[in-house]
Amino acid sequence: MNRELEYMFVDCARVWIPDVEEVWKSAELTKDYKNGDASLQLMLEDGANLEHKLDPKTKNLPYLRNPDILVGENDLTALSYLHEPAVLHNLKVRFIDSKLIYTYCGIVLVAINPYETLPIYGTDIINAYSGQNMGDMDPHIFAVAEEAYKQMARDERNQSIIVSGESGAGKTVSAKYTMRYFATVSGSASEANVEEKVLASNPIMESIGNAKTTRNDNSSRFGKYIEIGFDNRYRIIGANMRTYLLEKSRVVFQADEERNYHIFYQLCASSHLPEFKNLKLSKANDFLYTQQGRSPVIDGVDDTKELCNTRNAFSLLGINESYQMGLFQVLAAILHLGNVEIKDKDSDSSMIPPNNDHLTKFCELVGITYKDMAQWLCHRKLKTASETYIKTIPRLQATNARDALSKHIYAKLFNWIVEQVNKALVANIKQHSFIGVLDIYGFETFEINSFEQFCINYANEKLQQQFNMHVFKLEQEEYMKEQIPWTLIDFYDNQPCINLIEAKMGILDLLDEECRMPKGSDDSWAQKLYTHLKTCSLFEKPRMSNRAFIIQHFADKVEYQCEGFLEKNKDTVNEEQIKVLKGSKFDLLVELFKDEGKATSPTGQAPGTGGRTRLSVKPDKSRDTSTKEHKKTVGCQFRNSLQMLMETLNATTPHYVRCIKPNDFKQAFSFDPKRAVQQLRACGVLETIRISAAGFPSRWTYQEFFSRYRVLMKQKDVLSDKKLTCRNVLEKLVQDQDKYQFGKTKIFFRAGQVAYLEKLRADKLRAACIRIQKTIRCWLARKKYMRMRDAAITIQRFTRGYQARCLAKFMRRTQAAIVIQKYQKMYVARKHYRQKQAAALAIQTILRAYMARQKYLALLREHKAVIIQKRARGWLARRWYKRCLSSIVYLQCCIRRMRARRELKKLKIEARSVEHFKKLNKGMENKIMQLQRKIDEQTKENKSVNERLAGLANTYTTESERLRGELGRLRGVEEEARSKGNQVNCLLEELEKLKKELSTTQQEKKIIEDWVQTYRGEMEKLVSELKDQNGLLKKEKDDLNRSIQEQSQQMTEKMARAIAAETQQLETDLNEERSRYQNLLTEHLRLEEKYDDLKEHISKPGHRRTDSTHSSNESEYTYNSEFAESEEGSRAAEDLTRGMDTSLTLKLQKRLTELEQEKQSLRNELENKEEQFQRARARDESEFKKVRGAELEYESLKRQELESENKKLKHELAEMRQSLLGGTAASAGAPGSPAYKVLLDQLNSSSEELEVRKEEVLILRSQLVSQKEAMQHKETMTEVAVHVEDISKLKDADELKQAYIGLKDTNRLLEHQLQTQRRNYDSEVESLRGELQNVKEENNRQQQLLAQNLQLPPEARIEASLQHEITRLTNENLEQVADDPTASREARVVILRRMVDLMEQLEKQDRTIRKLKKQLKVYSKRIGEMGAGQAEGQTSPGQMVDEPIHPVNIPRREKDFQGMLEYKKEDELKLVKNLILELKPRGVAVNLIPGLPAFILFMCLRHADYVNDDQKVRTLLTSTINSIKKILKKRGDDFETVSFWLANTCRFLHCLKQYSGDEVFMKQNTSRQNEHCLSNFDLTEYRSVISDLAIQIYQQLIKCMENILYPMIVSGMLEHETIQGVSGAKPTGLRKRTSSIADEGTDTLDSILRQLNAFHSTMCQHGTDPELIKQVVKQQFYFIGAVTLNNLLLRKDMCSWSKGMQIRYNVSQLEEWLRDKGLMNCGAKETLEPLIQAAQLLQVKKKTDEDAEAICSMCLALTTAQIVKVLNLYTPVNEFEERVSVSFIRTIQTRLRDRCGSPQLLMDTKTIYPITFPFNPSSLALETIQIPSSLNLAFLTRV
């Protein structure tokens, strides 16, 4: 033990220490406790340190706190440490934190009053607790009621439910809920009536038995025991009520801030009513019995209205109006009797003044004489053995006698009313058993405690003794059942206290003895108590008082004041006064006192100055009528009544409900620990804990213990026998074997042992957790580091790649821009150059031709002249030359002969002399040198001349070549000129012919012009006449058009209204049919499920009811094995059901057949309705098309013929022009010849004249058309059908024909314009499509080329790119050439240039590559030579270094799939199991494409259709449908599952339509998708079955969403203040509710929006159709609006101006959510219209008639009942607000009297809008779908 204590009281251990304010406070040890320490070092929860000193004598340590696993337990006895602070803390946690008001304490249900209406008592909660074992579900009053009902039926023993607690703790409410539960679950049709009567007795019993006290405004001042009777089938048949401890002294006395019974104040508040005039009542403050508490009004309670409820309850229980008025008459008489003033006559006598008004009214009301009552109010009769004396009494005694009479009358009236209630609830048949509900207040202690508190506490002592014995008995039975050695548990036995009170010479005995004494008094009785009871340990005498005594009760010590005990115990009344009342003429009063002699007198004399209350017990009719019995005291009577009650309770099985009042201020969910502990001690809860703690309170089954403490076991300790394993482990862990015991099925632990084991387990887990955390954190840190490193590398790689791509892109763009600029500039320059060149060439050609011709003529003339001159001059020159030559020759001969002779003489002389010879030699040397110099100069000159000659030769050669070419050209020009001359002659001849034709044409033209002028004049006259007639016709036509337009407008409006009404009616009928069909489908499915359940039930013989847990586990197991054994199970079921209930099966089958037929008929009717709707919609269009069809065809044919003829004429004219130009060019001379020009001018003028004629014809035609349009433009404003209906209103046939022709022409013109625009649009669309297709093809081609280039080696990429560029440019230029033939030559030149440039670039790059390769080889050789010495011997001589080989990707050609999946027939179960039953929606929705299961199933279905296997198709579809139903049955409450299969079912339905082959569903398919259509089977019937399945799933989805949303709506939409501070002060008198500020666990509007977001995102992830999502959202918003409005209509505190603002703000947030999701057009906003109008109704002004009119026009979506209800419930919460007057509400009702609508007050939250599934084809190609391996569908083969 010391070891365990030292182990538990360690650092951080939590303990409880006493506290003055909080009773117990939590603290934590800051230092380990060592044995022998005198104190504990603690730290409080607020952080303060504390030294807790231990008691030096006892050394008791503080209480330990329970581990966290046990905090908040449903059962207090399950706590490991069972003590007061643990109980208090557990209750506080459940009440404050978890908002749970019920908690078990063994067999006791502790109910804490929340002072707030909680939604936990509805029919759905009752159904949830019905059939459940106590403890299977959370604690609840329904669980106790179910346990009592079940034990009554099982054990056939009467039951009792004992509900006790203080005033205001909720006893009456708990008793009411138990009765409601019995009425609901008993299964009879009449029990509701009994329950209504029992509940109707509540207003009656509350009005006559409840009063306002300082602790409760509606405190029950009596106890009651209601026996609810059941027959042998355990159905309610009746009830009986017994009352106890009526506090009748309240009739005559009330303390401050308290009131008398409610009925008195209700009568005073209703005294103004006509039926109450004879009661002669006034305000409550005018009567003594209702003014003493000085609090006549209860805030928020309308006593007049409460009296109406009381009277209605009387009527419901069968108490007629006359009896009711008699009751009220008696009550009014009591009030008047209290006002009778008694005055002193002398010291020993008193008197009533004569003609006392109140006494007179009293006598008149009760039907007695004034004299008799006045006599016996002031006198009494004394009887002796021989004589009888009449004695006067003093005023005080007379007043007490008056009050005693009032109390006695009221007690009689109370008992009579109880009897009448019992008569109304009496059973008509024999009662088999009953369940009693005891509603009695518990232990009481006040500052001044008197006789009443003594009796109450005495009764609680008896009840506590019975409770202790019952608990002790149950504990003993539990130990014996588990075969644990039984040892007597020392529990508190309050028998000594009971003996102190009721034993011989006890308190009651001494009190009765003192009452029998002639001069007995309270003081003498106190002295007797002190003398006789001084030896009793439970009795004490106060130190400071001699008129009080103290009793040690089981709950607490109570000090009682002796004053008034004797008077209250005697409780007698003046018999003469009773006799006077018996002689009354008032029948009801006589009936009240008719059994006075038989019953025990319940009345007594009131105290003078003592206690404040009086008691009464119900008369016991079984006592005999002797005088001794008549003289029994109140204490004796109460003891006998209590004994009878205990006998009744001991004869039944008791169930205990202890009601706790958490605070004295009635604050919602506010917990006062002091008050709670006081009540827990008083009601026996802590005693139950103490009894449990004395034994083995903690009990674990072996399996639970093994599962929980498996971590404390070693592997070798674990045996196959769990029981033996637990035994071995416990022996090792807990050394003291007295701390536990082993039972048959459970292990029993002493208090604290579970906490000790929990600490061992926590330490073990903590050590293991540290080790795991160390390893995991290391792994996580490394993983995170590696992930960050990889992420950083990846980011760097992608960033660098992105930067490189950006740079490459920039460079490509720059290069491309340069190239574009180059070619653009080149193009512009070339264009300008060619323009200038062409112009220069033209000028040069003309000028050179002219100059050549002139030069040629001049040269020709000059040449001829030169020839002539040459001949003449040659002859003259020759003749002159010959004469001169002969003369010159002769002269030269003479001269030369003379000179020669002279020279010869000189030479001869010089030759003879030497000097001369020397001079001659000297001159020769000089000459030689000069000659040498000259030779050199001549040589240089010769070279230059030779060079010049060579240049001149070249120039000559080129010039000669040019001249030769020019000469050839001139010769060609000469030949051409000759041919042109011949052509000119031909053209001149043709020109003459044309002149002749032109002259004839001009003559004809002149004739035509004359005729045109004549015709124009005639036409102008005709036009003027027509204009005059047209003016008249216009006026008539305007009048007719106006009338026709008015009539047509009226007819159009009428038709539109009729069509709209018909359309609305058709839509309404269609929706009704859909709703009816879907409801029938739901009913059909419910019957199918019921049939399946019955079939399963029949197939399991000997099946009995099992526990809910076992049945659920069994159902889950059978479901898991159901699919695999479906065939065997079905066969076995068929064999078993043959011999079973055949009639039931046949009935169900017949019902199913009828439902199937009805469903088919409804489906056919629905289809007929839809077809009628479509026909009605298309009727006008079809008729209009029929009328215009033939005319449009004729006009189009005629227009086509005219257009073809016009094209033909244009073509012939163009051919003539070309031939004429060609002929002229062939026959004319030079291009500039006059004949040629004249011919061209005439031809152009003729063509221009022809164009002018065409324009004139077009103008005339347009004028005619415009006139027709002007005449008939108004007819086109109406429809053809209207004109046909109004034809009879035209004047004659000409007008009809003219209108028809104008309309037809206008239609033709419009049709022509429409067709023209349509052709233009079609051509533009086709061109754009062609361009788009070209772009796509070019993109694909570029991508393919890019992929191929990337796969090539680097050296081949350049060549491939260049080749591709050449090809591209060639194609572009060829396309340009094809588009523009005139630019073919330029295109070719561009292509050739581009090709040359590219080839040059290619050659340059090739040369560069070869150069680099050579350098690379040289460098590699050098490197090899340098490393050869070092690496010698490492490589073989023949070893070669391989060059790197660049990998080339070989693209694999994909197989062309057909979008089918093949599977074997035996794999069908596996397919359905893996794809439907075991598929997890969450993974599919996140990782796979939406609707994948539907696509896979359809692809399998396609293959079955492809192989024409009808059996395979049928079984696959049947298995799919059944499997979906099974998965929904199993997980129908899971929103994700239901949403997932709704989306997939709709997608499967769409696939069946899309690929059905029907043209209606194939419009949006691609050609490839059309190839995938089903070819062999028509699955239309299966489509309808799948559509029904989708409807079922949709309804399940709506139900699932409603179950999720329902708990949030009221709190989020109504209770929570989204806008804080708007509500302000709440209305006074209403119960306080929980704070509207959102705390943890409170649902707000944000919670609703988050849930809606979750719904929407889940459906979107699952691929639900958008239209279907809209319908779901619409249904969601309808449910939110309906629930919110219904709660608003039932809660008065919500009907205020500020709450209307809150609601409107919340609705705006919902609309904002719709806007964010793009769902404003889905109809959801309209479903909130009733709620919006209700909120507006709370905020609008409600005073005048104009306000009433505005309300009626505004609240169109609300019914009359709803509007009136909101106005009635409207409650002002601020001073500036006013209540809605009754007259205003009546005005509203009058105005809304004629409004047609449903009288229903609440909206039907179960309404579901009809669902439709619009066709939504998928663009996904089936052949592209890949099946992930996670689906385990490897047995499927793609086809």
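Provided above is the structure to which this section pertains.
The present account deals with the structure reproduced in this document. None of these values were measured; they are calculated from a predicted model.

Before going further, it helps to spend a moment on the overall build of the protein chain. On a plain count of helices and strands, the protein chain comes out with 51 helices and 26 strands. Taken across its 1839 residues, the protein chain has 39% of its residues classed as buried. Roughly 108000 Å² of accessible area belongs to the protein chain as shown, and the carbon and sulfur atoms make up 54% of that amount.

Glancing now at a positive patch on the surface. On the surface, Arg 897, Arg 899, Arg 901, Arg 902, Lys 905 and Lys 906 cluster together into a positively charged patch. Residue class for Arg 901 comes out exposed when judged on its relative accessible area of 56%.

Once that is clear, we can look at the pattern of salt bridges. Scanning all chains against the criterion turns up 40 salt bridges. Ionic pairing is found between Arg 250 and Glu 247, a salt bridge with its closest N-O pair at 3.5 Å. Judged on exposure class, the residue Arg 250 and its partner Glu 247 are both buried. Put simply, Glu 1712 and Arg 1715 hold a salt bridge, and the shortest N to O gap is 2.8 Å. One end of the pair is Glu 1712 and the other is Arg 1715, both in helix H46 (residues 1697-1717) and 3 residues apart, which spans about a single turn. It is possible to trace a salt-bridge network through shared partners that takes in Arg 221, Glu 247, Arg 250 and Glu 258.

This part is about the sheet that holds strand E18 (residues 539-540). Strand order in the open sheet formed by 3 strands is E18-E19-E20, with antiparallel pairing between adjacent strands. Each edge of the open sheet is held by one strand with a lone partner, namely E18 and strand E20 (557-561). For strand E19 (residues 548-552) and E20, the ladder comprises 5 bridges, and the chain directions are antiparallel. Considered in E20, the bridge of Ile 551 is made with Val 558.

Time to look at the nonpolar core. Counting 219 residues, the largest nonpolar core has Phe 182, Phe 362, Met 373, Trp 525, Phe 549 and Leu 757 as the members making the most contacts within it. It is helix H13 (residues 395-424) that contributes the most residues to this core, 11 residues altogether. In contact with Met 373, other than residues within four places in its own chain, are Leu 359, Phe 362, Cys 363, Ile 368, Leu 405, Val 580 and Leu 581. Counting residues in each nonpolar core, the second largest holds 117 residues, with Tyr 1463, Ile 1586, Ile 1591 and Leu 1710 among its members.

Tallied over the full model, the rule gives 35 aromatic pairs. Relative to Tyr 560, the ring of Phe 454 lies with its centre 5.6 Å away and its plane at 85 degrees, an arrangement referred to as edge-to-face. Taken together, the residues Phe 454 in helix H14 (residues 451-481) and Tyr 560 in strand E20 connect sequence positions 106 residues apart. Owing to a relative accessible area of 1%, Phe 454 belongs among the buried residues under this scheme. Consider the rings of Tyr 530 and Phe 539, whose centres lie 6.5 Å apart with planes at 50 degrees: the pair is tilted. Each member of the pair, Tyr 530 as well as Phe 539, carries the same accessibility label: buried. Through a chain of ring-to-ring contacts, the aromatic side chains of Phe 451, Phe 454, Trp 525, Tyr 530, Phe 539, Phe 549, Tyr 560 and Phe 565 assemble into a single cluster. In this structure, Lys 1674 is placed above the aromatic ring of Tyr 1809, and the distance from its NZ or CZ to the ring centre is 4.4 Å. A cation sits over an aromatic face here: Lys 1742 above Tyr 1770, 4.3 Å from the ring centre.

The next thing to look at is the sheet that holds strand E22 (residues 698-701). Strands sit in the order E22-E24-E23 across an open sheet of 3 strands; the sheet is antiparallel. The open sheet has two edge strands, E22 and strand E23 (740-742), and neither has a second partner. The sheet shows a mean angle of 20 degrees between the axes of neighbouring strands, direction not considered. With 4 bridges joining them, E22 and strand E24 (residues 746-749) adopt antiparallel strand pairing. Opposite Trp 700, over in E24, you have Ile 747 as the bridge partner. Taken strand by strand, helix H26 (residues 722-733) contacts E23 and E24, and its axis lies near 160 degrees from that of E23.

The backbone of Met 505 sits at a positive phi, close to 60 degrees, despite the residue not being glycine. Take Met 505: it is sitting in the loop between helix H15 (495-502) and helix H16 (507-516).

Together, Ile 772, Ile 776, Trp 779 and Leu 780 give the surface a local cluster of nonpolar side chains, amounting to about 400 Å² of exposed area. Relative to the elements of secondary structure, Ile 776 occurs in helix H27 (residues 753-910).

In this section: the packing of helix H44 (residues 1645-1661) against H46. Across the interface, H44 lies against H46 with an axial gap of 11 Å and an inter-helix angle of 25 degrees. With respect to H46, the element H44 is oriented roughly parallel. In the packing of H44 onto H46, the handedness of the crossing is right-handed. The segment H44 lies against H46, with Leu 1645, Leu 1649, Leu 1652, Asn 1653 and His 1656 engaging Asn 1706, Gln 1709, Leu 1710, Trp 1713 and Lys 1717.

Remark: H16 packs on helix H17 (residues 522-532), axes separated minimally by 10 Å, with the N-to-C direction vectors making an angle of 145 degrees. Considering only the axes of H16 and H17, their crossing is right-handed. Residue-level contacts link Ile 507, Leu 510, Leu 511, Glu 513 and Glu 514 of H16 to Ser 524, Trp 525, Lys 528, Leu 529 and His 532 of H17. When the residues that make up the contact of H16 with H17 are grouped by side-chain class, the tally is 5 nonpolar, 2 polar and 3 charged.

For helix H49 (residues 1745-1754), the full list of buried residues reads Asp 1747, Ala 1748, Ile 1751 and Cys 1752. Axial view of H49: buried residues confined to an arc of 135 degrees, hence all on one face.

What counts as what
Residues numbered from 1 in each chain as written. Predicted model: local features only at pLDDT ≥ 70, side-chain atom pairs only at ≥ 80, totals over all residues. Heavy atoms only, no water. Helix = DSSP H or I, 4+ residues; strand = E, 2+ residues; numbered from the N terminus. Buried < 20%, exposed > 50% of the residue type's maximum accessible area, 1.4 Å probe, protein only. Areas by Shrake-Rupley, 256 points an atom, 1.4 Å probe, with all protein chains shown as cover. Patch = residues over 30% accessible without salt bridge, like charges linked within 9 Å, V, L, I, M, F, W, Y side chains within 5 Å. Salt bridge = Lys/Arg side-chain N within 4 Å of Asp/Glu carboxyl O. Lys, Arg positive; Asp, Glu negative; His and termini not counted. Charge placed at Lys NZ, Arg CZ, Asp CG, Glu CD. Pairing = 2+ DSSP bridges. Core = buried A, V, L, I, M, F, W, Y, C linked by side-chain atoms within 4.5 Å. Contact = heavy atoms within 4.5 Å. Phe/Tyr/Trp six-rings, centres within 6.5 Å; stacked < 30°, edge-to-face > 60°. Lys NZ or Arg CZ within 6 Å of the ring centre and 35° of its normal. Axes fitted to C-alpha atoms, helices over the stretch in contact; angles between N-to-C directions. Parallel < 35°, antiparallel > 145°, perpendicular 65-115°, else oblique. Left-handed = near helix turned anticlockwise from the far one by under 90°. Nonpolar A, V, L, I, M, F, W, Y, C, P; charged D, E, K, R; others polar. Arc of directions from axis to C-beta.

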